[in-house]
Amino acid sequence: MDQKFGGNDVVGAKTHQEEHGLDSLYRDVIFEHYRRPHNKGAIDGAQIVTKGNNPVCGDRVTIYGKVVDGRLEHVHFDGKGCAICMASSSMMTEAVKGKSLDEAGKISDHFKAMMRNEAPFEVPPDVPDLEALEGVRKFSVRVKCATLAWTTLKNGIVEYLAGNGNSETQESCAT
């Protein structure tokens, strides 16, 4: 297969117009989750209640999980923060809802690895909106905003399995 490396003749290459269109689409997805977050609010009777705080950026999240037969039957979040943090929190609830605690922990770890460029960015088919967060990886200071809810969930799962459903996490945007 012969590829030309001038202009837009490289197979799979996107034009500036196409990239701008994707950036715009991804911004729209992030702002849609920010304006209309999924699974926002406390859960009565939650066995997992864990707080995360990013003092440098001011993001604060509380993750609530109701565990039934070892699965996160319900997972919600509440808090205040930037659009990236709130949108990622919303997407996180969709990604782990119905999963076993082990699966949810692995999903959280994998998402954090993807955001830190430690793993290829692969979007699960059941949560296609996560693709909108791929561009955040270019801005290391914003990665903590995107991963706060995921880190907080993982800490909550660990605490729950250790017999204590409450925990608190401090994250820093500076690293």
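Residues numbered from 1 in each chain as written. Predicted model: local features only at pLDDT ≥ 70, side-chain atom pairs only at ≥ 80, totals over all residues. Heavy atoms only, no water.

## A short note on the overall build of the protein chain
Scanning the protein chain from terminus to terminus reveals 4 helices and 4 strands. What you see in the protein chain, going N to C, is helices and strands ordered as α-β-β-β-α-α-α-β. Across the 175 residues in the protein chain, those meeting the buried criterion constitute 43%. Put simply, 60% of the contacts in the protein chain that link residues at least 6 apart link residues at least 24 apart. (Helix = DSSP H or I, 4+ residues; strand = E, 2+ residues; numbered from the N terminus. Buried < 20%, exposed > 50% of the residue type's maximum accessible area, 1.4 Å probe, protein only. Contact = heavy atoms within 4.5 Å.)

## Considerations on the pairing of strand β1 (residues 48–54)
With 5 of 7 residues buried, β1 is to be regarded as a mostly interior element. Relative to strand β2 (residues 59–68), β1 runs antiparallel, the two sharing 7 bridges. Bridge pairing in β2 links Val 49 to Tyr 64. Taken together, β1 and the strand that follows it, β2, pair antiparallel across an intervening segment of 4 residues, in which Gly 58 is found at a positive phi of about 90 degrees. (Pairing = 2+ DSSP bridges.)

## Examining the environment of Val 123
You can see Val 123 is positioned in the loop between α3 (101–115) and α4 (140–161). Expressed as a C-alpha distance, the spacing of Val 123 and Ala 95, which sit 28 residues apart in the sequence, is 10.0 Å. Not counting residues up to four positions away in its chain, the partners in contact with Val 123 are Pro 128, Leu 130 and Glu 131.

## Here's the deal with unusual backbone geometry
With glycine set apart, most residues show a phi of negative sign, and most peptide bonds adopt trans. The residue Asn 39 is not glycine, and still its phi comes out positive at about 60 degrees. Its place among the elements puts Asn 39 in the loop between α1 (16–35) and β1. Backbone geometry at Asn 117 places phi at a positive 60 degrees, although glycine is not the residue there.

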